[in-house]
Amino acid sequence: MPPSELLRCEGLPRFDAIEAEHVDQQIPALLADLSERFTTLEDQLRERLSEPDSTPLSWDELMPPFHSLGERLRWSWGVVTHLTAVRNTPELREAHARQQPEVVRFSNRVGQSRVLHQALRSLLEQKNNTLDPTQVRILETELLSMQHRGVGLKGDEQQAFNRTSERLAALSTSFSNHVLDATQQWSLVVHDRDQLRGVPDRVLDNLAVNAATADGPWRLGLDMPSYVPILTHAENRDLRETVYKAYVSRASQGELDNGPLIEEILALRQEQSQRLGYANWAELSLASKMADGVDAVETLLEELRAAALPVAEQELKELNQLAASRGAKEALAAWDVSFWAEQLRRERFDLDQEALRPWFPLPQVLDGLFNLCERLFAIRIEAADGDAPIWHEDVRFFRVHDRRGEALAGFYLDPFSRPASKRGGAWMDECLNRRRQPNGDLTQPVAYLICNQTPPSGETPSLMSFEEVETLFHEFGHGLQHMLTTVEHPQAAGINNVEWDAVELPSQFMENWCFDRKTLMGMARHWTTGEPLPEADYIKLCSSRTFMQGSGTLRQIHFALTDLRLHSQWSPELGLSPDAFRRRIAETTTVLPPIETDRFLCAFGHIFAGGYAAGYYSYKWAEVLSADAFSAFEEVGLEQDDAVAATGERFRNTILSLGGSLRPAEIYRQFRGRDASSAALIRHSGLAASTG
Ligand code: ZN
């Protein structure tokens, strides 16, 4: 094996030739080389910028060498993180963990390079420069991200900034460790099977395994696979109350109390944002997002809140009525809602997700998805197994062509769950980015599409749940934006340079098609008999989509508003704890107020331990965009093939093609002819006020 397989930095990786030992041997060498080259680049730039009457710095002089440093790291480290996620071994995980701090250190060094910042700015600010709008946007994004890393701060200020950044990172880690420990420390052993009446056998088996027994006692925990089924199915109300109260008070007491961490995190974020010239953390967060500012987000959330609240109130009333009709003596409490919602769902839809699987074998679902893509975007997708090296025998490779047969892109599909060596969840990642090389050659984009669905067994293909079908469509939407980009600057091709709150547009857009009659009925055929999905099941699937959506939407609004206002309005001077502040927001965003011991913030990892601070609203923001985009197809008539194809072509030529090359609002306007409106999401979620 040539020693440099991990450092080849171009083309498709040879996964079979990359092992954990190469990571430890070769990543340090790569970083040393990049570091040296970066120093050289900095020296050259310093010299160029100090020449009094030299010709102005050009794009070609600065950007290709700068990009190539980042690209080499992205390619090599990308292969390592990819393999860590899909073909993990203890050795690989350790090698990854050993090298990661150095990778982060290198990115921080680049991000705080003053001379690079100065060079980028002088390139952007030159009079009569010949930059196109995409180049301008790439430079603006780069400058903003460097500014947010503190490049503009002087001496002591920068040191204080860096110290605070490190402190914030440590606080995040402690926060999530506390949640993890609090979740794991609590358990309840139930000896009497009668106490667990209503809980499905499949769940009982797992709970018995947790207690290291075959058939009881059962050990209940606060992890999702244990908590959710108990709240949803256990008929024993006292048991639900006990489990619920333990869950909502996680990490709020004793050594694991996240309360003090929350106050410190909020205070430090406020300090950091002011150092960088913003009024608060929300302004800092929104500076790099599609949303124009705090007011724009507040307005959108209020539209959705106003639509969702009366529906959520009505839903609670219906649950109370159902419970009363079955003998409940008092009004429902927080620990009753999931249980009675499940009862109502059964009564109304009688839809068994498991029983639908035989209608969705993977090969048929792929055909359906590929046909849809051909119908909407005039592309053909063909299997090309054997054309590309793979990391596991389950993995398939496909090529994407336009109608004339010209190749556009490729993708890997790794569909099945492999708990021992593959991370859970589903995602799309970049293998290669579209790029015009200096010699004129074009690198075509290649995507990784990873799911964790039910594997085939024996003669039976992978039979997918409807949720798994939606997940595949979702990830494919991300993949389409990566693969159908026409941008030739890799920094803005595909999903690169697309704002966080806009990046879920194509993915959620594709999910809508799972409910489109032509798409769904075209692929849903029983895998042995070939029978189509019964019409009654199709109708149930469609109507179950809006079930309890008032409550579901309101819950997301509550989280999003709490996050946004904690980062824009809260300060210690208010004299309100963050928890009390959240309770005030709950007055208009919940139908059942949080109980006394509810300390939800202490487990709100998205904003205190993840990247969603003042960004939780992004989920709803992107949903508004994707629903409104889909409604463009509804308006021309989903049965009208020609009109659907014309709208699809416009979607491809704007949102999928232009990626991060222009502002998302501008691209959206090119597609829709206007700004997005929340009306379609409100309608799709069943929240539109009935007009009688
Ligand atoms: Zn997504």
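Structure shown above.
Parameters and conventions
Residues numbered from 1 in each chain as written. Predicted model: local features only at pLDDT ≥ 70, side-chain atom pairs only at ≥ 80, totals over all residues. Heavy atoms only, no water. Salt bridge = Lys/Arg side-chain N within 4 Å of Asp/Glu carboxyl O. Helix = DSSP H or I, 4+ residues; strand = E, 2+ residues; numbered from the N terminus. Buried < 20%, exposed > 50% of the residue type's maximum accessible area, 1.4 Å probe, protein only. Pairing = 2+ DSSP bridges. Axes fitted to C-alpha atoms, helices over the stretch in contact; angles between N-to-C directions. Contact = heavy atoms within 4.5 Å. Phe/Tyr/Trp six-rings, centres within 6.5 Å; stacked < 30°, edge-to-face > 60°. Lys NZ or Arg CZ within 6 Å of the ring centre and 35° of its normal. Donors = N, O, S within 2.8 Å, 3.2 Å for Na, K, Ca; no water. Tetrahedral: all angles 85-135°; square planar, octahedral: opposite > 155°, others 65-115°. Parallel < 35°, antiparallel > 145°, perpendicular 65-115°, else oblique. Left-handed = near helix turned anticlockwise from the far one by under 90°. Expected span 1.5 Å × (residues − 1). Bend = angle between axes of the 7 residues up to and from the residue.

K.L.:
Looking at this structure, I do not really get the pattern of salt bridges. What am I missing?
P.N.:
Working definition: two side chains of opposite charge can pair if their charged atoms are close together. All chains considered together, the criterion is met by 53 salt bridges. Measuring nitrogen to oxygen at the nearest pair gives 2.7 Å for the salt bridge that ties Arg396 to Asp385. A residue pair is termed long-range when its members are at least 10 positions apart, and Arg396 in strand β4 (residues 396-402) and Asp385 in the loop between β3 (379-383) and β4 qualify at eleven residues. For Arg396, a relative accessible area of 31% translates into the label partly exposed. Measuring nitrogen to oxygen at the nearest pair gives 3.0 Å for the salt bridge that ties Asp598 to Arg582. Of this pair, Asp598 sits in the loop between α21 (578-589) and α22 (605-608) while Arg582 sits in helix α21, placing them 16 residues apart in sequence. Residues Asp598 and Arg582 agree in their burial class; the two are buried. A network of salt bridges, in which partner residues are shared, links Glu5, Arg8, Arg14 and Asp16.

K.L.:
Please explain the sheet that holds strand β5 (residues 407-416) as it appears in this structure.
P.N.:
By way of backbone hydrogen bonds, the strands of a sheet pair with one another, either parallel or antiparallel. Taken in spatial order, the five strands of this open sheet run β3-β4-β5-β9-β6, and their pairing is mixed. The open sheet is flanked by β3 and β6 (427-432), the only strands paired with a single partner. Looking at each pair of strands side by side, their axes are set apart by 25° on average, direction ignored. Taken together, the six bridges between β4 and β5 define a ladder with antiparallel strand orientation. Opposite Phe397, over in β5, you have Tyr412 as the bridge partner. Across the sheet, helix α2 (residues 59-86) touches β5, β6 and β9 (446-453), and the angle it forms with β6 is around 145°. Taken strand by strand, helix α16 (residues 466-483) contacts β3, β4, β5, β6 and β9, and its axis lies near 170° from that of β9.

K.L.:
For this particular structure, what's the right way to read unusual backbone geometry?
P.N.:
Keep in mind that most residues, glycine aside, have a negative phi and that most peptide bonds are trans. Even without being glycine, Ala378 reaches a positive phi, approximately 55°. With respect to the helices and strands, the residue Ala378 is situated in the loop between α15 (362-377) and β3.

K.L.:
Would you mind showing me how to read the packing of aromatic side chains here?
P.N.:
Geometrically, a pair of aromatic rings is defined through the distance of the ring centres and the angle of the planes. Overall, the coordinates contain 40 aromatic pairs when judged by the stated rule. Ring geometry for Tyr668 against Phe671: centres 6.2 Å apart, planes inclined by 70°, an arrangement best described as edge-to-face. Here Phe671 and Tyr668 lie together in helix α25 (residues 664-672), a separation of three residues that amounts to about one turn. In this pair, the class of Tyr668 matches that of Phe671, namely buried. Ring-pair connections join several aromatic residues into one group, and the members of that group are Phe377, Phe509, Trp513, Phe630, Phe633, Phe651, Tyr668 and Phe671. One cation-aromatic arrangement involves Arg240 over Phe339; the distance from NZ or CZ to the ring centre is 4.3 Å. Its end group placed over the ring of Phe515, Arg545 keeps NZ or CZ at 4.2 Å from the ring centre.

K.L.:
Help me understand the coordination of the zinc ion in this model?
P.N.:
Six octahedral donors at a metal ideally form angles of 90 or 180 degrees, and four tetrahedral donors ideally form angles of 109.5 degrees. Surrounding the zinc ion are the protein donor atoms His474 (NE2), His478 (NE2), Glu504 (OE) and Glu504 (OE), at 2.1 to 2.8 Å. Taken together, the four donor atoms coordinating the zinc ion span angles of 51 to 139° at the metal, a pattern that classifies the geometry as irregular.

K.L.:
What's the story with the packing of helix α17 (residues 505-512) against helix α23 (residues 618-636) in this structure? I'm lost.
P.N.:
When two helices pack together, their arrangement is captured by the angle between the axes and the distance separating the axes. Where α17 meets α23, the closest approach of the two axes is 8 Å, and the angle between their N-to-C directions is 50°. Classified by the angle between their axes, α17 and α23 sit oblique to one another. Of the two possible hands of crossing, α17 and α23 adopt the one that is right-handed. Contacts between α17 and α23 pair Leu505, Gln508, Phe509 and Asn512 from the former with Tyr619, Ala622, Glu623, Leu625, Ser626, Ala629, Phe630 and Phe633 from the latter.

K.L.:
Which parts of the structure should I look at to understand the packing of α23 against α25?
P.N.:
α25 packs onto α23 with a crossing angle of 15° between their chain directions and a minimal axis gap of 11 Å. Compared by their axis directions, α23 and α25 come out roughly parallel. The element α23 and its partner α25 pack so that their crossing is left-handed. Every residue of α25 that contacts α23 at Leu625, Asp628, Ala629, Ser631, Ala632, Phe633 and Glu635 is listed here: Tyr668, Phe671 and Arg672.

K.L.:
I keep staring at the pairing of β9 and nothing clicks. Help me out?
P.N.:
Consecutive side chains of a regular strand alternate in pointing toward one face of the sheet and then the other. Taking burial as the measure, the eight residues of β9 include seven buried ones, the bulk of the element. Sheet topology places β6 next to β9; five bridges connect them, and they run antiparallel. Across the sheet, residue Trp427 finds its bridge partner in β9, namely Ile450.

K.L.:
Looking at this structure, how should I read the pairing of β5?
P.N.:
The element β5 is largely enclosed, with a buried count of eight among its ten residues. Hairpin connection from β4 to β5: four residues lie between these consecutive antiparallel strands, with Gly405 at a positive phi of about 95°.

K.L.:
Looking at this structure, how should I read helix α20 (residues 549-566)?
P.N.:
At 3.6 residues per turn, the α-helix brings residues three or four places apart onto the same side. Between the first and last C-alpha of α20 there are 25 Å, a value that for 18 residues agrees with the 26 Å anticipated at 1.5 Å per step. Where α20 is concerned, the buried positions are Gly550, Thr553, Leu554, Ile557, His558, Phe559, Ala560, Leu561, Thr562, Asp563, Leu564 and Leu566. Looking at the buried positions of α20, the neighbouring elements they touch are α10 (259-275), α11 (281-286), α12 (294-325), α21, α22 and α23.

K.L.:
Would you take a moment to explain helix α24 (residues 641-658) for this structure?
P.N.:
The terminal C-alpha atoms of α24, which comprises 18 residues, lie 25 Å apart, in line with the 26 Å expected from a rise of 1.5 Å per residue. Of all the bends in α24, the largest measures some 30° and sits at Arg652. Of the residues making up α24, those classed as buried are Val644, Thr647, Gly648, Phe651, Arg652, Thr654, Ile655, Leu656, Ser657 and Leu658. Of the residues one or two after α24, Gly659 is the one with positive phi, at around 45°.

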